[in-house]
Amino acid sequence: MRSGYCGRWALFTAIGLAALPALAADLPDAMPDDNLNAVLWDQTSVEAQANALGAYALGRIRLDEALADKTWTAAPVEQTGNFQDFPPAIILDVDDTILNTSPYQARNITTGTSFKPETWTQYVNAQQDKPIPGAVEFTQYAASKGVKVFYVTNRTADEEGPTVEEMKHFGFPMGDNVDTFLSAKEQPDWGSAKGTRRAFIAKNYRILLMFGDNFGDFTDDYKGTVEERQKVFEANKAHFGHDWIAIANPTYGSFESAPYKGDYKLPPEEQRRMKQNALTPWDGK
Ligand SMILES: [Mg+2]
């Protein structure tokens, strides 16, 4: 029996039936939300924090290795020509790679709402993020080694001011005289796919490492079906834990939309059905 069942039963018997109405009254009015466990994990679990610390500790080891090897690049598609003597750089995504945005996801659960650009911008302006464990210390370590730390984010130019202010407050290195915060659409060809921004950095820097919580933080081939994404993953597997380091994020991302092929116009119940169909259940035998 999984330990969760034992725990639930113990809780049920310990509180007794008389306590149940009070317990129910404490619950928010929101409808059941498929994101509850994922956001709970992201916002409250020590496991999420432990996972991130591990990723950034690995980052230090890989950074030292990459600095010592001038043929090393984390961007084989974008990094062409003689990059060996370029100054070193690393690229990190922002949302849920270096900043934890779980208060926004949690609010959507408790108010029964979902992602909207307007409420997202309001959230960014409210500056409620917290640093992902290990991220500040790791980026400071990289900067201390003379590595330029770039942030490639799909936050917009409008959202850049409050975000940069927040990041400075936390102690993230902000590039001194170089613009290291590359937001979406800051230049005409900088779309939500990040390859053009990686290529922009690769023109002047040797890219040592990339960090992200979404497949699109590493490759532009992230939008396909579950099977297509798996194929791209297999082809790039050797990067992970080496020069591409992933931060776990079960709360949103291209993994979530892959089963319904990114068709956000489908009714939620249809998206949900397609996600259930993407599961591989045990047949009970
Ligand atoms: Mg992200």
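Look above for the structure.
Residues numbered from 1 in each chain as written. Predicted model: local features only at pLDDT ≥ 70, side-chain atom pairs only at ≥ 80, totals over all residues. Heavy atoms only, no water.

(A) Here's a closer look at the sheet that holds strand β6 (residues 206-212). One open sheet holds the five strands; their spatial order is β5-β4-β1-β6-β7, and the pairing between them is parallel. Unpaired on one side and paired on the other, β5 (181-184) and β7 (244-246) mark the two borders of the sheet. With strand direction ignored, the average angle separating the axes of adjacent strands in the sheet is 20°. (Pairing = 2+ DSSP bridges. Helix = DSSP H or I, 4+ residues; strand = E, 2+ residues; numbered from the N terminus. Axes fitted to C-alpha atoms, helices over the stretch in contact; angles between N-to-C directions.)

(B) Molecular detail of the coordination of the magnesium ion. Bound to the magnesium ion are the protein donor atoms D93 (OD), D95 (O) and D213 (OD), situated 2.1 to 2.2 Å from the metal. Going along the chain, you hit the donors of the magnesium ion in the pattern D-x1-D-x117-D. Residue classification places D93 among the buried positions, given a relative accessible area of 7%. In this structure D95 comes out as buried when scored by relative accessible area, which is 12%. (Donors = N, O, S within 2.8 Å, 3.2 Å for Na, K, Ca; no water. Buried < 20%, exposed > 50% of the residue type's maximum accessible area, 1.4 Å probe, protein only.)

(C) Quick peek at the pattern of salt bridges. If you walk through the whole model with that rule in mind, you get 12 salt bridges. Among the salt bridges present, the one from D34 reaches R272, with a minimum N-O distance of 2.7 Å. Highlighted residues: D34 in the loop between α2 (20-25) and α3 (36-44) and R272 in helix α12 (residues 268-277), separated in sequence by 238 residues. For R272, a relative accessible area of 40% gives the class partly exposed. Overlapping salt bridges bring together E78, R198 and D220 as one network. (Salt bridge = Lys/Arg side-chain N within 4 Å of Asp/Glu carboxyl O.)

(D) Seen up close, unusual backbone geometry. Backbone geometry at D96 places phi at a positive 65°, although glycine is not the residue there. Along the chain, D96 falls in the loop between β1 (88-92) and β2 (99-100). Of the residues examined, D96 reaches a relative accessible area of 2% and is grouped as buried. With a phi close to 55°, K261 is a non-glycine residue in the positive phi region.

(E) Main features of the pairing of β6. Counting buried positions over the seven residues of β6 gives seven, a clear majority of the element. Here β1 pairs with β6 via five bridges, running parallel. Among the inter-strand pairings, L92 is bridged to a residue of β6, identified as F211. Pairing geometry for β6 and β7, over three bridges, is parallel. Its bridge partner lying in β7, F211 is registered against I245.

(F) Highlighting the pairing of β5. Relative to β5, strand β4 (residues 148-156) runs parallel, the two being bridged by three bridges. Directly across from Y151, in β5, lies its bridge partner F181. As for the winding sense of the linkage, the β-α-β connection from β4 through helix α8 (residues 157-170) to β5 is right-handed. (Right-handed = clockwise from strand over helix to strand, strands pointing away.)

(G) Representation of the packing of helix α6 (residues 117-126) against α8 in the model. Contact pair α6 / α8: the axes reach a minimum separation of 8 Å and the direction vectors enclose 25°. If you check the angle between α6 and α8, you find them roughly parallel. In the packing of α6 onto α8, the handedness of the crossing is left-handed. Contacts between α6 and α8 involve W120, T121, V124 and N125 from the former and E159, P162 and T163 from the latter. (Parallel < 35°, antiparallel > 145°, perpendicular 65-115°, else oblique. Left-handed = near helix turned anticlockwise from the far one by under 90°. Contact = heavy atoms within 4.5 Å.)

(H) Looking closely at the nonpolar core. Counting residues in each nonpolar core, the largest one holds 30 residues, and the members touching the most others are Y56, L63, I90, I98, Y151 and F172. Among the elements of the structure, α4 (46-68), β1, α7 (135-144), β4, α8 and β6 are those that each provide at least two residues to this core. Contact partners of I98, with chain neighbours within four places excluded, come to Y56, L92, D93, K130, P131, I132, A135, Y151, M167 and F172. Of all hydrophobic cores here, the second largest spans 15 residues; its members include I91, F150, W190 and M210. (Core = buried A, V, L, I, M, F, W, Y, C linked by side-chain atoms within 4.5 Å.)

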